[in-house]
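Coordinate analysis (summary)
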Amino acid sequence: MKFHRTWITLGAVLFSMQAYSQSFWATIDKDVLSTMEKNQFFGEKGIKSTGDNIAVVEIDERNLGHLSSIMHEEFRRCGGFVRHDSLEEAMGVLDNEQFMKSMNKAEVANYTIDQDATVNTMIAQVQEMNIRSQIEKMSSFKNRYYKSSTGEDSQRYVFDTWSSLIQGRTDAKVEYFRHSGWGQPTVIMTLEGASSETIVLGGHADSIAGWMGGANATAPGADDNASGISTLTEVIRILMANNFQPQKTIKFMAYAAEEVGLLGSKEVAASFKKDNLNVIGVMQLDMTNFNGSQEDIVLMTDYTNEAQNQFIGSLIDHYLPGIKWGYDKCGYGCSDHASWHNQGYPASMPFESRKGAMNRNIHTSRDRLDVSGGHARHALKFSQMAIAFVVELDK
Ligand code: BES
Ligand code: ZN
């Protein structure tokens, strides 16, 4: 009897494994197509369609482990694909590609530079020590994984930190944007202006480590991306200290679940689009504290808006003349700016170094502040740049 039940259970397990070993639709960058094909990662339908840079493919769930290791070793990417709920959704991304190409160059906002007094006053107040201590606090959580309790605790920490910074301001609020698929929420701070035009500055707050990631891994994520969130926290502190009252609406976002496929920002950007919100500029800060190359600030050219990127370059030249900047590309939708870009919003992603000179310790238990010298001098430049962006774009 007992023996019999074991076999029935085993049968049920095998059956359900079969049921779960399904495939799903994904969009990937074309440069990985041949490697994926060679390794037979695709499901029955394989490559469905290809655009200029992106392809819609069917990926077999059973190959996910192998696929992620190849992506890591050959392309230094995690995942390397964006998972979609349906073929229709995936094809939508491809359809949008052409449209985006023109959008990509469009000047959506007023990109003049004339707020010298305000910007110069504020950027002189950025303090390395504040950014450093925020990085230390955020990286002291065992991990900030989207499905772990510490990943929820760390978002409560961001919520509380931002809440205390806006105390006494009736035009500001901090809220959770909850996600249905996992516990970790996105945190959003809103500074309300009279105009509905909205400026978004964000970074992901989650962290991940190890091949499989997971809720038990040690993932300090000091550079990826406690640095970006701490850079933003210092910007909020300074806007508040100077009683900055924007004309437009400014939103600061600490996204959940970026490391597992931009899931948090994808939901946020889709909800903004659905509500027809008028976002005129998005800045993504993901990895700001590792000074790896000649260029201090590197603007990623893919999944971003060319005119806004040029504007940010001009802001750096104007307000931070000692700072070198350049262009590079991720080669794929490497962070939350891609979620906004895919909804048609102008996004930029100023990064800590050239791609080839980036911090190699990310996604491991070694992503600690000491890798960046134990200080936040590099991130400081990003707080200054972000302040210039907010003040100049707000007018
Ligand atoms: N911070 C990285 C993105 C990154 C890495 C930008 C290297 C520039 C250089 C981000 O958190 C990340 O790991 N993204 C994933 C992709 C995402 C779709 C899961 C990646 O790069 O593999
Ligand atoms: Zn990151």
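Counting from 1, residues in each chain are numbered in the order their sequence is written. Chain A is the first chain written and ligand 1 is the first ligand written, with later ones labelled in order. It should be noted that, the model being predicted, local features are given only for residues of pLDDT at least 70 and side-chain atom pairs only at 80 or more, the latter also being counted only at that level, while totals for whole chains, interfaces and linings use all residues. Values shown for side chains rest on all heavy atoms present in the structure; no hydrogens or waters enter the calculation.

Here's the deal with the site of ligand 1
We define proximity as follows: a residue is near a molecule or strand when any one of its heavy atoms falls within 4 Å of that partner. Taken together, 19 residues form the shell around ligand 1, and within it Cys78, Glu258, Asp286, Tyr332 and His363 come nearest. Side-chain polar atom of His204 to an oxygen atom of ligand 1: 3.1 Å apart, as the coordinates give it. The contact in question runs from an oxygen atom of ligand 1 to an N or O atom on the side chain of His363, over 2.9 Å. In short, Shrake-Rupley with a 1.4 Å probe defines the accessible areas, and a residue's cover is counted only from the protein chains shown. Within the complex, 97% of the 520 Å² of free accessible area of ligand 1 lies under protein. Each residue is assigned to one of three groups, with Ala, Val, Leu, Ile, Met, Phe, Trp, Tyr, Cys and Pro labelled nonpolar, Asp, Glu, Lys and Arg labelled charged, and all others, Gly among them, labelled polar. Each residue belonging to the shell around ligand 1 can be placed in one class, and the counts come to 9 nonpolar, 4 polar and 6 charged. Polar contacts, as counted here, are pairs of nitrogen or oxygen atoms within 3.5 Å of one another; within protein the pair requires one atom able to donate a hydrogen and one able to accept it, and residues that are adjacent in sequence qualify only if both atoms are side-chain atoms.

Notes on the coordination of the zinc ion (ligand 2)
Each metal site lists N, O and S donors within 2.8 Å (3.2 Å for Na, K and Ca). With water left out of the atoms, a site can look as if it is missing ligands. Binding of the zinc ion (ligand 2) to the protein goes through His204 (NE2), Asp224 (OD), Asp286 (OD) and Asp286 (OD), at separations of 1.8 to 2.6 Å. Here a site with four donors is tetrahedral if all angles are between 85 and 135 degrees, and a site with four or six donors is square planar or octahedral if opposite donors are over 155 degrees apart and the other angles are between 65 and 115; anything else gets the irregular label. Between the 6 donor atoms coordinating the zinc ion (ligand 2), the angles at the centre fall across 52 to 163 degrees, so the site counts as irregular. Ordering the donors of the zinc ion (ligand 2) by residue number gives the pattern H-x19-D-x61-D. In this pair, His204 is assigned in strand β7 (residues 198-204) and Asp286 in the loop between β9 (279-284) and β10 (297-300), connecting sequence segments 82 residues apart. Exposure class is identical for His204 and Asp286. Each is buried. The secondary structure listing takes helices from DSSP runs of H or I that are at least 4 residues long and strands from runs of E that are at least 2 residues long, numbered from the N terminus. For each residue, the accessible area found with a 1.4 Å probe, counting protein chains only, is set against the maximum for its type, and the residue is called buried under 20%, exposed over 50%, and partly exposed in between.

Comments concerning the state of the cysteines
Cysteine sulfur atoms are paired as a disulfide whenever they come within 2.5 Å of each other. For the structure on display, the rule yields 1 disulfide. Cys330 shares a disulfide with Cys334; S-S distance 2.1 Å. Taking the sign of the torsion about the S-S bond as the criterion, the disulfide between Cys330 and Cys334, at about 65 degrees, is right-handed. Taken individually, Cys330 and Cys334 each receive the classification buried, so the pair is uniform in this respect.

Notes on the nonpolar core
Nonpolar side chains in soluble globular proteins tend to be buried together. The biggest cluster of nonpolar side chains holds 60 residues, and the ones touching the most others in it are Trp162, Met189, Leu201, Phe252, Met385 and Phe389. With 11 residues, the top contributor of residues to this core is helix α12 (residues 377-394). Discounting chain neighbours no more than four positions away, the residues touching Met189 are Trp162, Ile166, Lys173, Val174, Ile236, Met240, Ile250, Lys251 and Phe252. Remark: nonpolar core denotes a set of buried residues (Ala, Val, Leu, Ile, Met, Phe, Trp, Tyr, Cys) joined through side-chain atoms within 4.5 Å. Counting residues in each nonpolar core, the second largest holds 16 residues, with Phe24, Leu67, Met71 and Phe81 among its members. Between two residues, a contact is recorded if the distance between any of their heavy atoms is within 4.5 Å.

Here we look at the sheet that holds strand β11 (residues 325-328)
What makes two strands pair is DSSP finding at least two bridges between them. With mixed pairing, the 3 strands of this open sheet are ordered in space as β11-β10-β13. Unpaired on one side and paired on the other, β11 and β13 (350-351) mark the two borders of the sheet. Both β10 and β13 contribute to a ladder of 2 bridges, which runs antiparallel. For Val298, the partnering residue across the bridge sits in β13 and is Phe351.

What about the domain arrangement of the chain?
Where a domain begins and ends is set by an automatic assignment or by a domain database. Structurally, the chain comprises domain 1 (10-95) and domain 2 (108-394). Measuring from the centre of the C-alpha atoms in domain 1 to the corresponding centre in domain 2 gives 29 Å. Counting from both sides, the interface comprises 12 residues of domain 1 and, opposite them, 8 residues of domain 2. In this assembly, domain 1 packs against domain 2 so that about 1000 Å² is buried in total across both faces, 56% of it on carbon and sulfur atoms. Here's the idea: put two parts together, see how much 1.4 Å probe accessible area each one loses, and the total over both is what we call buried area. Broken down residue by residue, the surface that domain 1 buries against domain 2 is led by Asp29, Arg76 and Arg77, which jointly contribute 37%. The working definition used for a salt bridge is a side-chain nitrogen of Lys or Arg within 4 Å of a carboxyl oxygen of Asp or Glu. Viewed at the interface, domain 2 and domain 1 are joined by 1 salt bridge. Between Glu89 and Lys266 there is a salt bridge; the shortest N-O distance is 3.4 Å. The tally of links from domain 1 across to domain 2 stands at 3 residue pairs in polar contact (both at pLDDT 80 or more). It is helix α3 (residues 64-75) that contributes the most residues to the side of domain 1 that touches domain 2, 3 residues altogether.

Points about the packing of aromatic side chains
When we look at a pair of aromatic rings, we describe it by the centre distance and by the angle of the planes. Stacked, tilted and edge-to-face are the three classes applied to pairs of Phe, Tyr and Trp rings, where Trp contributes its six-membered ring and a pair requires centres within 6.5 Å; stacked means planes under 30 degrees apart, edge-to-face means over 60, and tilted covers the rest. According to the stated counting rule, one finds 10 aromatic pairs in the structure shown. By way of ring pairs, the aromatic residues Tyr111, Phe311 and Phe389 are connected into one cluster. We call a charge positioned above a ring when the Lys NZ or Arg CZ atom is no farther than 6 Å from the ring centre and deviates by at most 35 degrees from the ring normal. Its guanidinium or amino end placed over the ring of Tyr345, Lys273 lies 5.9 Å from that ring's centre, counting from NZ or CZ.

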